[in-house]
Amino acid sequence: MQSTTAICPSLFNAATAQDGILSRIRLPAGLITSTQCEVLTAVVNKFGNGEIQITNRANLQIRTSQALTKEALLDLQDYGLASSNESTDGLRNMMASPSAGIDAHAKINTIPLVKAWNFYLLQHPELAILSNKFSICFDGSEAIRVSDRPNDICLVATEINGEIYFDLHLGLGDRGDSPAPVGVLVPQKQVLEVLAALTEVYRQYTEQKLEQKTHSRSRPPRLRELLHDWGVEKYLALVTKKLGYALRPSPLAPLPLGERGTRSLEVYEHLGIHSQKQSGLFYIGVVVPLGRLTSQQLTGLSNLAKQYGGGALRLTPWQNLLITDIAKADLEKVKQEILNLGLYILANHPYAAIAACSGYKGCKSAHTDTQADAKQVAAYLENCIQLDHPINIHFSGCEKSCAQHHPSDIAVVGMGGINTETYRVYVGDGDSNFGREIYTDYDAKNLPALIEQLLQNYQYQRRDSTQTFREFVNQQS
Ligand code: SF4
């Protein structure tokens, strides 16, 4: 039987939320086959509320009214939806670009590295003591970049003198910051051993801290705590000692801070129809409203992937998904079937770039029903405005900003209220992480009209159609 006492949920140790028991299914690189979708929907239909949520790490969450039985967990294990080693299931937190292996711009296909690292974790149960949030990212330099997503370790493919290497980035900053380059270049054939050494030194640090009872058993230190405690130099010196050879210095100049993690529009370019590097094949990026699918929608999408595509879905860290390997002759049919499922494919659909955390139905810290308020705004905008760019609107139930770590065009943060829900409203860049505050206590029921007004002002008054919403509002400050 599943345990239900976790703070950070996994499959074998779920968390108890106000709206049920929350289990997280970690999918390396966000890949899920049509057969896995069938197994998952059977579990959701039997134990759950019929809904499946894509997280901002391209994993899946389900809510059930009771703990999953041993049989259900074994089914999920049998079909590769859980690690065959229960103790390391919570560590399968591996991100890759959703277009890895199908993108003509990429330097390398990172999927084999993701699979190899997943296999390594299976063989090393001693790593189970690490924080469940320990996260690894492989960026193959695809057009859909993931190197700015918050991760503990990110390996970014780069080409030097015709050879492909990986530039090592570490999560040095605060929660939600992009990992930063640390001046180390890793040759392809050394990637796994360098990752293993980075992880083993972190494991030894974790063991020491747990023995010293600096952290409780349920909260082992994050890698960034090691980095703050020791500094990068000492960490890499210990990694070098473990490897028995020197790490190669990187000749690449790090990007200035302001140029990292600030992309806003191009991340939605994966939506819609795109050609793949494989001649004659295409992928469709599907808009999933607030990252939530019904089990019928997931079944419909996985059937499309099986019948017309490569037999798998690729989840994205923007809580959308791709169906890949579609022949040109089938594109129109697949597109129509997606629309028939109540989903969208256009990047300028209001739902394309709206993100919301679980709100008070799923989180004790929430002051507002972010999911319901976000749906209300999307439905209103769909009927009254035609967007020509995706506009990223972020609903957060409190200051923690779980649903989205990168800056948004418009952010609203729940404030509660005695008889009515209110939000702080922010736009563009400003003193706060959410942007520049324009209202402190805005009634939730008036948000749709306010956001429509902000967007109309932008469309009528912008310099020209190339000026983004963020540029427009920043020049007004
Ligand atoms: S942002 Fe706040 S309210 Fe929303 S899920 Fe996170 S902790 Fe809960």
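Residues numbered from 1 in each chain as written. Predicted model: local features only at pLDDT ≥ 70, side-chain atom pairs only at ≥ 80, totals over all residues. Heavy atoms only, no water.

> I keep staring at the domain arrangement of the chain and nothing clicks. Help me out?
Accessible area lost on assembly of the parts is the figure often given for the size of an interface. Here the chain is described as being made up of domain 1 (1-82 + 288-346), domain 2 (85-259) and domain 3 (351-476). The straight-line distance from the C-alpha centre of domain 2 to that of domain 3 is 33 Å. Taken together, the two surfaces of domain 2 and domain 3 that pack against each other cover about 330 Å², and 52% of this comes from carbon and sulfur. Sorting the residues of domain 2 by area buried against domain 3 places Arg149, Arg175 and Gly176 first, and these three jointly supply 86% of that buried surface. Where domain 2 meets domain 3, there are zero residue pairs in polar contact (both at pLDDT 80 or more). Residue composition of the side of domain 2 that touches domain 3, grouped by class: one nonpolar, one polar and two charged. (Domains from an automatic or database assignment. Buried area = accessible area lost by both parts, 1.4 Å probe. Polar contact = N/O pair within 3.5 Å; in protein donor to acceptor, adjacent residues only side chain to side chain. Nonpolar A, V, L, I, M, F, W, Y, C, P; charged D, E, K, R; others polar.)

> Explain the pairing of strand S9 (residues 163-170) here, please?
It is a general feature of regular strands that their side chains alternate between the two faces of the sheet. With respect to burial, S9 is a largely interior element, seven of its eight residues being buried. Note: strand S8 (residues 153-160) against S9, eight bridges, orientation antiparallel. Bridge pairing links Ala157 to Phe166 in S9. The hairpin formed by S8 and S9 contains two residues between the paired strands, and Asn161 there has a positive phi angle of roughly 50 degrees. As defined by bridge partners, S9 adjoins strand S10 (residues 180-187) across five bridges and the pair is classed as antiparallel. For His169, the partnering residue across the bridge sits in S10 and is Pro181. (Buried < 20%, exposed > 50% of the residue type's maximum accessible area, 1.4 Å probe, protein only. Helix = DSSP H or I, 4+ residues; strand = E, 2+ residues; numbered from the N terminus. Pairing = 2+ DSSP bridges.)

> How should the site of the ligand be read in this particular structure?
Within the structure, the ligand sits among Cys357, Ser358, Cys363, Ser365, Ala366, Ser396, Gly397, Cys398, Lys400, Ser401 and Cys402. Of the residues in the shell around the ligand, the class split is five nonpolar, five polar and one charged. (Near = heavy atom within 4 Å.)

> I would appreciate a short explanation of the sheet that holds strand S20 (residues 422-432) in the present structure.
Think of a sheet as strands paired side by side through backbone hydrogen bonds, with each pair either parallel or antiparallel. Ordered by their spatial adjacency, five strands build an open sheet running S17-S18-S19-S20-S21, and the pairing between neighbours is mixed. The open sheet has two free edges, formed respectively by strand S17 (354-356) and strand S21 (435-443), since each of these has just one partner strand. Taken over all neighbouring pairs, the strand axes of this sheet differ in orientation by 20 degrees on average, direction set aside. Examined bridge by bridge, S17 and strand S18 (residues 393-396) share three bridges and lie parallel to one another. Across the sheet, the residue bridging to Ala356 is Phe395, located in S18. Where helix H10 (residues 447-461) meets the sheet, it contacts S18, strand S19 (410-416), S20 and S21, and its direction lies at approximately 150 degrees from that of S21. Contacts from helix H11 (residues 469-476) reach S19, S20 and S21 within the one sheet, and its direction differs from that of S20 by about 85 degrees. (Axes fitted to C-alpha atoms, helices over the stretch in contact; angles between N-to-C directions. Contact = heavy atoms within 4.5 Å.)

> Where do I start with the pattern of salt bridges in this structure?
If the charged atoms of two oppositely charged side chains come close together, the side chains can form a pair. For the coordinates displayed, the defined rule picks out 17 salt bridges. As a salt-bridge pair, Glu159 and Lys107 come within 3.9 Å of each other at their nearest N and O atoms. Here Lys107 lies in the loop between strand S6 (94-96) and helix H3 (111-122) and Glu159 lies in strand S8, a separation of 52 residues in the sequence. A relative accessible area of 43% means that Glu159 is categorised as partly exposed. By relative accessible area, which is 38% here, Lys107 ends up partly exposed. Asp152 is the salt-bridge partner of Arg222, the closest N and O atoms lying 3.4 Å from each other. Placement of the pair is Arg222 in the loop between helix H4 (191-211) and helix H5 (223-230) and Asp152 in the loop between strand S7 (136-139) and S8, with a sequence separation of 70 residues. By the burial criterion, Arg222 is buried, and Asp152 matches it. Where salt bridges share partners, they join Glu200, Arg203 and Glu207 into one cluster. (Salt bridge = Lys/Arg side-chain N within 4 Å of Asp/Glu carboxyl O.)

> Mind showing me how you'd approach the sheet that holds strand S5 (residues 60-64) here?
Ordered by their spatial adjacency, five strands build an open sheet running S1-S2-S5-S4-S14, and the pairing between neighbours is antiparallel. With one partner strand each, in any of the chains shown, strand S1 (15-17) and strand S14 (292-294) form the two edges of the open sheet. Neighbour-to-neighbour, the strand axes of the sheet open up by a mean angle of 30 degrees, direction not taken into account. Those strands touched by helix H7 (residues 295-308) are strand S4 (48-54) and S14, and its axis lies near 85 degrees from that of S14.

> Would you explain H7 in this entry?
Spacing of three or four residues puts side chains on the same side of an α-helix, whose turn is 3.6 residues. Given a rise of 1.5 Å per residue, 14 residues ought to cover 20 Å, and the 20 Å separating the end C-alpha atoms of H7 matches this to within 8%. Listed in full, the buried residues belonging to H7 are Ser295, Gln297, Leu298, Gly300, Leu301, Ser302, Leu304, Ala305 and Tyr308. Against the buried residues of H7 lie helix H1 (34-47), S4, S14, strand S15 (312-315), strand S16 (321-327) and helix H8 (331-340). (Expected span 1.5 Å × (residues − 1).)

> Explanation requested: the packing of aromatic side chains in the structure shown.
Each aromatic ring pair is characterised by the separation of its centres together with the angle its planes make. According to the stated counting rule, one finds nine aromatic pairs in the structure shown. On the numbers, 5.1 Å between centres and 50 degrees between planes, the contact of Phe134 with Tyr202 is tilted. Highlighted residues: Phe134 in the loop between H3 and S7 and Tyr202 in helix H4, separated in sequence by 68 residues. For the ring pair Phe395 and Tyr423, a centre distance of 6.1 Å and an interplane angle of 90 degrees mean the geometry is edge-to-face. You can see Phe395 sitting in strand S18 and its partner Tyr423 sitting in strand S20, a full 28 residues away along the chain. In this structure, Phe395 and Tyr423 share a single accessibility class: buried. (Phe/Tyr/Trp six-rings, centres within 6.5 Å; stacked < 30°, edge-to-face > 60°.)

> Please explain unusual backbone geometry as it appears in this structure.
It is generally the case that most residues other than glycine have a negative phi and that most peptide bonds are trans. Within the chain, Ala29 stands out as a residue other than glycine whose phi angle is a positive 65 degrees. Examined against the element boundaries, Ala29 turns out to sit in the loop between strand S2 (20-25) and strand S3 (31-33). Assessed through its relative accessible area of 5%, Ala29 is described here as buried. The phi angle at Ala58 is positive, at roughly 60 degrees, despite the residue not being glycine.

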